[in-house]
Amino acid sequence: METNGNTKKTIAKDQLKEMGYWDSIMDYISTFDTDFYHIYKDFLCTPYTNSIFDAKTIELIHIAINASPTNLCQSKLEMHMKNAINHGAKKEEIFEVLKLVSVLGMHTCAVGVPILVDEYNAYSNDSMPVQLNERQKEQKDQFIKKMGYWNRFRDILLVNDEPFFKSYLKYLTNPWEKDIISAKLKEFIYIAIDSSTTHLFENGIRIHIRNALKYGASFEEIMEIIKIVSTQGSSTF
(Lines give C-alpha, C1' and ligand atoms only; values in the text may rest on other atoms or scores of the structure.)
Protein backbone atom coordinates (compact mmCIF):
# COMPACT_ATOMS: atom_id res chain seq x y z
CA MET A 1 0.00 0.00 0.00
CA GLU A 2 1.43 3.35 -1.06
CA THR A 3 1.10 6.53 1.00
CA ASN A 4 0.42 10.17 0.23
CA GLY A 5 2.65 13.14 0.95
CA ASN A 6 0.97 14.30 4.17
CA THR A 7 0.98 10.81 5.67
CA LYS A 8 4.65 10.41 4.78
CA LYS A 9 5.54 13.68 6.54
CA THR A 10 3.76 12.45 9.67
CA ILE A 11 5.56 9.10 9.48
CA ALA A 12 8.94 10.82 9.09
CA LYS A 13 8.23 13.18 11.99
CA ASP A 14 7.22 10.30 14.28
CA GLN A 15 10.33 8.29 13.41
CA LEU A 16 12.62 11.25 13.96
CA LYS A 17 11.07 11.62 17.42
CA GLU A 18 11.51 7.91 18.23
CA MET A 19 14.86 7.12 16.60
CA GLY A 20 16.46 10.44 15.75
CA TYR A 21 16.94 9.79 12.05
CA TRP A 22 15.21 9.46 8.71
CA ASP A 23 16.89 8.48 5.47
CA SER A 24 16.16 7.81 1.81
CA ILE A 25 15.59 4.08 2.49
CA MET A 26 12.93 4.85 5.08
CA ASP A 27 11.43 7.36 2.67
CA TYR A 28 11.23 4.77 -0.11
CA ILE A 29 9.81 1.96 2.05
CA SER A 30 7.20 4.21 3.65
CA THR A 31 6.12 5.38 0.20
CA PHE A 32 6.14 2.01 -1.55
CA ASP A 33 4.71 -0.22 1.22
CA THR A 34 3.37 1.60 4.28
CA ASP A 35 2.27 -1.58 6.05
CA PHE A 36 5.73 -3.11 5.77
CA TYR A 37 7.34 0.17 6.80
CA HIS A 38 5.59 0.05 10.18
CA ILE A 39 6.76 -3.55 10.70
CA TYR A 40 10.29 -2.56 9.64
CA LYS A 41 10.35 0.54 11.87
CA ASP A 42 9.00 -1.27 14.92
CA PHE A 43 11.73 -3.89 14.55
CA LEU A 44 14.47 -1.23 14.40
CA CYS A 45 13.21 1.18 17.04
CA THR A 46 12.74 -1.07 20.10
CA PRO A 47 16.28 -0.43 21.48
CA TYR A 48 15.59 3.31 21.32
CA THR A 49 12.48 3.00 23.51
CA ASN A 50 13.25 0.39 26.19
CA SER A 51 15.82 2.47 28.14
CA ILE A 52 18.44 -0.28 28.48
CA PHE A 53 20.95 1.91 26.62
CA ASP A 54 20.95 5.61 25.96
CA ALA A 55 20.69 6.77 22.36
CA LYS A 56 24.39 7.63 22.11
CA THR A 57 25.44 4.11 23.10
CA ILE A 58 23.03 2.60 20.57
CA GLU A 59 24.48 4.79 17.83
CA LEU A 60 28.07 3.88 18.76
CA ILE A 61 27.13 0.20 18.47
CA HIS A 62 25.56 0.86 15.06
CA ILE A 63 28.75 2.66 14.00
CA ALA A 64 30.75 -0.43 14.98
CA ILE A 65 28.47 -2.76 13.00
CA ASN A 66 28.56 -0.63 9.87
CA ALA A 67 32.30 0.14 10.05
CA SER A 68 33.19 -3.53 10.50
CA PRO A 69 35.48 -4.94 7.77
CA THR A 70 32.89 -7.68 7.25
CA ASN A 71 30.12 -5.16 6.52
CA LEU A 72 31.33 -1.66 5.55
CA CYS A 73 27.98 -0.01 4.84
CA GLN A 74 29.00 3.57 4.13
CA SER A 75 25.54 5.13 3.93
CA LYS A 76 24.43 3.71 7.29
CA LEU A 77 27.81 4.49 8.82
CA GLU A 78 27.48 8.15 7.86
CA MET A 79 23.91 8.25 9.14
CA HIS A 80 24.76 6.73 12.52
CA MET A 81 27.82 8.95 12.93
CA LYS A 82 25.65 12.03 12.43
CA ASN A 83 23.07 10.63 14.81
CA ALA A 84 25.71 9.81 17.44
CA ILE A 85 26.98 13.38 17.29
CA ASN A 86 23.42 14.66 17.62
CA HIS A 87 23.10 12.54 20.76
CA GLY A 88 26.26 14.00 22.28
CA ALA A 89 29.04 11.71 21.05
CA LYS A 90 32.44 13.35 20.68
CA LYS A 91 34.62 12.76 17.63
CA GLU A 92 37.19 11.16 19.93
CA GLU A 93 34.62 8.57 21.06
CA ILE A 94 33.68 7.73 17.48
CA PHE A 95 37.33 7.44 16.51
CA GLU A 96 37.92 5.04 19.44
CA VAL A 97 35.09 2.86 18.15
CA LEU A 98 36.73 2.78 14.70
CA LYS A 99 40.07 1.79 16.24
CA LEU A 100 38.44 -1.04 18.17
CA VAL A 101 36.61 -2.29 15.08
CA SER A 102 39.62 -2.12 12.76
CA VAL A 103 41.47 -4.84 14.67
CA LEU A 104 38.84 -7.34 13.49
CA GLY A 105 41.19 -8.01 10.57
CA MET A 106 43.30 -10.10 12.95
CA HIS A 107 40.61 -12.77 12.88
CA THR A 108 42.28 -13.78 9.63
CA CYS A 109 45.10 -15.02 11.85
CA ALA A 110 42.75 -16.38 14.52
CA VAL A 111 41.14 -18.67 11.96
CA GLY A 112 43.89 -19.03 9.37
CA VAL A 113 46.93 -19.81 11.54
CA PRO A 114 45.46 -22.93 13.24
CA ILE A 115 44.34 -24.22 9.83
CA LEU A 116 47.82 -23.60 8.43
CA VAL A 117 49.42 -25.52 11.31
CA ASP A 118 46.99 -28.44 10.93
CA GLU A 119 47.53 -28.70 7.19
CA TYR A 120 51.31 -28.27 7.47
CA ASN A 121 51.54 -30.97 10.14
CA ALA A 122 49.38 -33.32 8.07
CA TYR A 123 51.43 -32.71 4.93
CA SER A 124 54.82 -33.01 6.63
CA ASN A 125 53.71 -35.87 8.88
CA ASP A 126 55.30 -33.97 11.73
CA SER A 127 54.26 -31.67 14.55
CA MET A 128 55.39 -28.07 14.55
CA PRO A 129 57.07 -27.25 17.89
CA VAL A 130 55.89 -24.08 19.64
CA GLN A 131 58.28 -23.04 22.38
CA LEU A 132 58.31 -19.48 23.68
CA ASN A 133 61.57 -17.99 24.91
CA GLU A 134 61.65 -15.83 28.04
CA ARG A 135 61.18 -12.56 26.15
CA GLN A 136 58.21 -13.99 24.28
CA LYS A 137 56.69 -15.30 27.52
CA GLU A 138 56.89 -11.76 28.90
CA GLN A 139 55.02 -10.46 25.85
CA LYS A 140 52.39 -13.16 26.31
CA ASP A 141 51.95 -12.20 29.96
CA GLN A 142 51.68 -8.54 28.97
CA PHE A 143 48.94 -9.39 26.47
CA ILE A 144 46.94 -11.42 29.00
CA LYS A 145 47.29 -8.71 31.64
CA LYS A 146 45.97 -6.05 29.29
CA MET A 147 43.32 -8.00 27.38
CA GLY A 148 42.31 -10.79 29.76
CA TYR A 149 42.49 -13.65 27.26
CA TRP A 150 44.84 -15.68 25.07
CA ASN A 151 44.47 -18.19 22.25
CA ARG A 152 46.99 -20.74 21.03
CA PHE A 153 47.29 -19.14 17.58
CA ARG A 154 49.06 -16.23 19.28
CA ASP A 155 51.81 -18.58 20.53
CA ILE A 156 52.42 -19.58 16.94
CA LEU A 157 52.25 -15.99 15.73
CA LEU A 158 54.70 -14.88 18.42
CA VAL A 159 57.23 -17.61 17.62
CA ASN A 160 56.90 -17.13 13.86
CA ASP A 161 57.25 -13.33 13.75
CA GLU A 162 57.96 -11.50 16.97
CA PRO A 163 58.11 -7.98 15.42
CA PHE A 164 54.71 -8.53 13.80
CA PHE A 165 53.26 -9.72 17.10
CA LYS A 166 54.64 -6.68 18.93
CA SER A 167 53.09 -4.32 16.39
CA TYR A 168 49.80 -6.21 16.63
CA LEU A 169 49.85 -5.97 20.43
CA LYS A 170 50.34 -2.20 20.29
CA TYR A 171 47.58 -1.88 17.68
CA LEU A 172 45.14 -3.98 19.69
CA THR A 173 45.81 -2.40 23.06
CA ASN A 174 46.02 1.27 22.01
CA PRO A 175 42.32 1.98 22.71
CA TRP A 176 42.79 0.43 26.16
CA GLU A 177 45.50 2.93 27.09
CA LYS A 178 42.90 5.69 27.40
CA ASP A 179 39.51 5.98 29.06
CA ILE A 180 37.78 7.78 26.21
CA ILE A 181 35.08 5.12 26.32
CA SER A 182 34.54 2.70 29.19
CA ALA A 183 35.99 -0.80 29.31
CA LYS A 184 32.48 -2.23 29.37
CA LEU A 185 31.50 -0.34 26.22
CA LYS A 186 34.69 -1.52 24.51
CA GLU A 187 33.63 -5.09 25.21
CA PHE A 188 30.16 -4.28 23.90
CA ILE A 189 31.74 -3.09 20.65
CA TYR A 190 33.69 -6.34 20.36
CA ILE A 191 30.54 -8.39 21.04
CA ALA A 192 28.69 -6.43 18.35
CA ILE A 193 31.23 -6.96 15.59
CA ASP A 194 31.90 -10.60 16.49
CA SER A 195 28.17 -11.42 16.53
CA SER A 196 27.52 -9.52 13.32
CA THR A 197 25.52 -11.53 10.77
CA THR A 198 28.43 -11.13 8.36
CA HIS A 199 30.97 -12.52 10.84
CA LEU A 200 29.50 -14.76 13.62
CA PHE A 201 32.86 -15.43 15.29
CA GLU A 202 31.75 -17.66 18.16
CA ASN A 203 35.04 -17.80 20.03
CA GLY A 204 35.28 -14.02 20.11
CA ILE A 205 31.65 -13.62 21.18
CA ARG A 206 32.25 -15.92 24.17
CA ILE A 207 35.50 -14.21 25.21
CA HIS A 208 34.04 -10.73 25.07
CA ILE A 209 30.79 -11.69 26.80
CA ARG A 210 32.92 -13.05 29.67
CA ASN A 211 34.95 -9.84 29.75
CA ALA A 212 31.84 -7.66 29.63
CA LEU A 213 30.36 -9.57 32.56
CA LYS A 214 33.62 -9.03 34.42
CA TYR A 215 33.26 -5.28 33.82
CA GLY A 216 29.76 -5.29 35.28
CA ALA A 217 27.53 -5.84 32.23
CA SER A 218 24.09 -7.28 32.87
CA PHE A 219 22.41 -10.07 30.94
CA GLU A 220 19.88 -7.53 29.64
CA GLU A 221 22.61 -5.24 28.28
CA ILE A 222 24.38 -8.01 26.40
CA MET A 223 21.06 -9.32 25.10
CA GLU A 224 20.29 -5.82 23.87
CA ILE A 225 23.52 -5.72 21.86
CA ILE A 226 22.59 -8.99 20.17
CA LYS A 227 19.14 -7.59 19.33
CA ILE A 228 20.64 -4.38 17.93
CA VAL A 229 23.07 -6.35 15.78
CA SER A 230 20.27 -8.60 14.52
CA THR A 231 18.77 -5.59 12.72
CA GLN A 232 21.77 -5.67 10.37
CA GLY A 233 19.57 -7.46 7.85
CA SER A 234 17.78 -4.16 7.28
CA SER A 235 20.82 -3.14 5.21
CA THR A 236 19.33 -5.33 2.46
CA PHE A 237 17.26 -2.31 1.52
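Residues numbered from 1 in each chain as written. Predicted model: local features only at pLDDT ≥ 70, side-chain atom pairs only at ≥ 80, totals over all residues. Heavy atoms only, no water.

Draft legend 1. Region of the structure containing empty space enclosed by the protein. This model, assessed by the stated rule, comprises 2 cavities of 30 Å³ or more. Along the walls of the largest cavity sit 20 residues, with His107, Tyr149, Arg154, Asp194 and His208 positioned nearest its centre. Breaking the lining of the largest cavity down by element, the ones donating at least two residues are helix H7 (107-124), helix H9 (152-160), helix H10 (162-173), helix H11 (183-194) and helix H12 (202-214). A total of 4 residues in the lining of the largest cavity trace back to one element, the largest contributor, which is H12. The class makeup of the residues in the lining of the largest cavity is 13 nonpolar, 5 polar and 2 charged. In this structure, the second largest cavity encloses a volume near 100 Å³. Lining the second largest cavity are 13 residues, with His62, Lys76, His80, Thr231 and Ser234 positioned closest to its centre. Only helix H4 (55-67) and helix H5 (74-86) provide two or more residues apiece to the lining of the second largest cavity. Ranked by residues supplied to the lining of the second largest cavity, first place goes to H4 with 3 residues. (1 Å grid on protein atoms, 1.4 Å probe; cavity = no way out; pocket = protein on both sides within 12 Å on 5 of 7 lines; lining within 4 Å. Points joined across faces, edges and corners; volume = space filled by probe spheres on them. Helix = DSSP H or I, 4+ residues; strand = E, 2+ residues; numbered from the N terminus. Nonpolar A, V, L, I, M, F, W, Y, C, P; charged D, E, K, R; others polar.)

Draft legend 2. View of the nonpolar core. Ranked by size, the top nonpolar core spans 53 residues in total, and within it Phe143 and Phe188 carry the most contacts. Residue contacts for Phe143: discarding those within four places in its chain leaves Gly148, Tyr149, Trp150, Arg154, Phe165, Tyr168, Leu169 and Leu172. Core analysis: the next-biggest nonpolar cluster, separate from the first, contains 7 residues, Ile25, Met26, Tyr37 and Leu44 among them. (Core = buried A, V, L, I, M, F, W, Y, C linked by side-chain atoms within 4.5 Å. Buried < 20%, exposed > 50% of the residue type's maximum accessible area, 1.4 Å probe, protein only. Contact = heavy atoms within 4.5 Å.)

Draft legend 3. Expanded view of the pattern of salt bridges. Scanning all chains against the criterion turns up 10 salt bridges. When the shortest N-O distance is used, the salt bridge between Lys99 and Glu96 registers 2.7 Å. You can see Lys99 and its partner Glu96 sitting in helix H6 (residues 91-102), 3 residues apart, about one turn around the helix. When its relative accessible area of 2% is taken as the criterion, Glu96 is described as buried. One salt bridge in this structure joins Lys184 and Glu221, with 3.2 Å as the shortest N-O distance. Taken together, the residues Lys184 in helix H11 and Glu221 in helix H13 (residues 219-230) connect sequence positions 37 residues apart. Owing to a relative accessible area of 22%, Lys184 belongs among the partly exposed residues under this scheme. (Salt bridge = Lys/Arg side-chain N within 4 Å of Asp/Glu carboxyl O.)

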